[in-house]
Amino acid sequence: MRMRPWSFCSAAAVVCLFTLSGLAQVKVEVNWDKVERTSQTSPTLQVVVNPPLHHGTTVSTNAYKAVHDLGADYVRYVPWLPYPKLGVAELEPPANGKTSWDFSLIDPMTIDFLEATKDHSAILNFSTIPQWMWKTEKPVPYPSDPDQVTWDYTQGTEPRDPTFKEVADYYARLLGWYTKGGFTDELGKRHESGYHYSIPYWEVLNEVEFEHKMSPETYTKLYDAVVTAMRKVQPDLKFVGMALAMPSQTPHFFEYFLDRKNHLPGIPLDFISYHFYAVPTPDQTPEIQGYTFFAQADGFLNTVRYVEEIRKRLSPTTRTTIDEIGAISADDLSQGEPGHVAKPIPSSYWSLTGAMYAYLFGEMTRMGIDVAGESQLVGYPTQFPSVSMVDWNTGNPNPRFRVLQLLHDNFGPGDKLVELGGDFFSHNPYVYAMPVITKDGKKRVLLVNKSQNPMEVQLAGASGGQLEYCDQTTGFDPAKKVSVNSDKISLNGFSVAVVTLN
């Protein structure tokens, strides 16, 4: 194994990085005339349905205003399993000449999302199949209170209809409700919605290796059935497949799903998707978590490289959205235990997780990943508060959202990535840099301080330019913009900065 220079001992790293003044210094050299690739990566986020997003609440109003103002493409919308009444439109099977179709709680939240993302591509994923479509020893109950959480709704591993036509027809009707003004139910009754939204992408289920413990063979059969049925409603609809929770542990999923001989003729493989969360152990202090999160991020990037080789070999025209990127605190993993009281989240955590996302966005841009989706718009105590991108009391953006906003406003598809001079990454473990020439010809550099310690970056040509940054000093405010009067730029701990050269 080849060790990097800073791996020999911690003392050596200190000698290499820190001056007598205590401020680390890093030199960034850019070869602006050497283009490495053209970016195709869109920074975006996911919206997971939960009670604070009920229509008309302060949180919902402010959070969706932030989404609308951001104007990102490929925003992912996921009504999911903890709240069956908020995400499942047919909770009971047809019986006695009646069906249970009911959108009264689902529509207000979904319409808010569709309006907030209007004129931008969005990815819908009603990830929870009605439970009665799976074989279980007895019916699975769900709370009468739509806002009461339940974690055991998705039971069973064998579908009631092994052809998956029942599941496919459910999703075709869902699509018709929002795009064709309504649908005809199983008993021949027409249900009118009046909606005619344009939905460009549909993701078929979520984290399928966990939910109903699907094998690649089962999922692929279900995917084909759903895609076939939904294309009859909207022939130009594009699809996202898999949404795997643990991609490093399930390489066989990629090998099977991306092999077109395992699909019905004509089934599109437009996108694949999978997820990453950094997770510390309960005994780690905030100071240690910084090292853990970036080390886990590097491990995930190795997984991305591996998956990319599979994709390029089997289905090179298929695109990739990594549509859940974030961190989950150790405390969040205990939120379902009786009597659990959420611990306060230190302000440094939000800057750390924002910096980690910016670093992953930069590396995914280098690798040609199409979509980098930060997770998630709203979390709150009892519902993964550590993943939230807004203040769960007000709905106003927190530092994680501000970092996404900074990236979205400064980088995107069409930028030309240029070469860093020297062996930059081998000698600078704590500062990340990505130089680009933007679509409109501006020279711009993304800088990420992966350390809690301040850093000083020397960048030729920076003087006279503009610096925008998010860190613990900017907090919940938008990125701060300042003029640069020197080629030396100071970065606070876990800072995400963009330098635009004059």
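Scope of this entry: the structure provided in the associated data block. (Residues numbered from 1 in each chain as written. Predicted model: local features only at pLDDT ≥ 70, side-chain atom pairs only at ≥ 80, totals over all residues. Heavy atoms only, no water.)

## Description of the sheet that holds strand 19 (residues 488–491)
The following threshold applies: A pair of strands is treated as paired once DSSP finds two or more bridges between them. For helices the rule is a DSSP run of H or I covering at least 4 residues; for strands it is a run of E covering at least 2, with both sets numbered from the N terminus onward. Note on geometry: axes are lines fitted to C-alpha atoms, helical ones only across the stretch in contact, with angles between N-to-C directions running from 0 to 180 degrees.
As summarised here, the arrangement of the 3 strands in space is 1-16-19, forming an open sheet in which the pairing is mixed. With one partner strand each, in any of the chains shown, strand 1 (24–28) and strand 19 form the two edges of the open sheet. The mean angle between the axes of side-by-side strands here comes to 25 degrees, regardless of whether they run parallel or antiparallel. Of the strand pairs in this sheet, strand 16 (residues 455–459) and strand 19 are connected by 4 bridges, and their pairing is antiparallel.

## With respect to the side chain of Thr154
Quick reminder of the rule: Contacts are assigned to residue pairs with any non-hydrogen atoms lying within 4.5 Å of each other.
On the secondary structure map, Thr154 appears in the loop between strand 5 (122–124) and helix 5 (165–179). Ignoring sequence-local partners within four residues, the contact set of Thr154 consists of Leu81, Thr128, Gln131, Glu211 and His212.

## Side note on the pattern of salt bridges
Quick note on the threshold: One speaks of a salt bridge when a side-chain nitrogen belonging to Lys or Arg is within 4 Å of a carboxyl oxygen belonging to Asp or Glu. Accessibility here uses a 1.4 Å probe with only protein chains present; expressed as a share of the type maximum, an area under 20% marks a residue as buried, one over 50% as exposed, and anything in between as partly exposed.
For the structure shown, the criterion picks out 20 salt bridges. A salt bridge links Glu374 to Arg400, with the nearest nitrogen and oxygen atoms 3.5 Å apart. With Glu374 in strand 12 (residues 371–375) and Arg400 in helix 10 (residues 399–410), this residue pair connects regions lying 26 residues apart in the sequence. Arg400 gets classed as buried once you look at its relative accessible area, which sits at 0%. Ionic pairing is found between Asp415 and Lys439, a salt bridge with its closest N-O pair at 4.0 Å. Taken together, the positions of Asp415 in the loop between helix 10 and strand 13 (416–420) and Lys439 in the loop between strand 14 (431–437) and strand 15 (443–449) put the pair 24 residues apart, joining distant regions of the chain. Residue class for Lys439 comes out exposed when judged on its relative accessible area of 59%. Several salt bridges converge on common partners, so that one network encompasses Glu36, Arg305, Glu363 and Arg366.

## Some thoughts on the environment of Leu417
With respect to the helices and strands, the residue Leu417 is situated in strand 13. Sequence-distant contacts of Leu417, defined by excluding residues within four places in its chain, comprise Lys34, Val35, Glu36, Arg37, Ser39, Thr365, Arg366, Met434, Pro435 and Val436.

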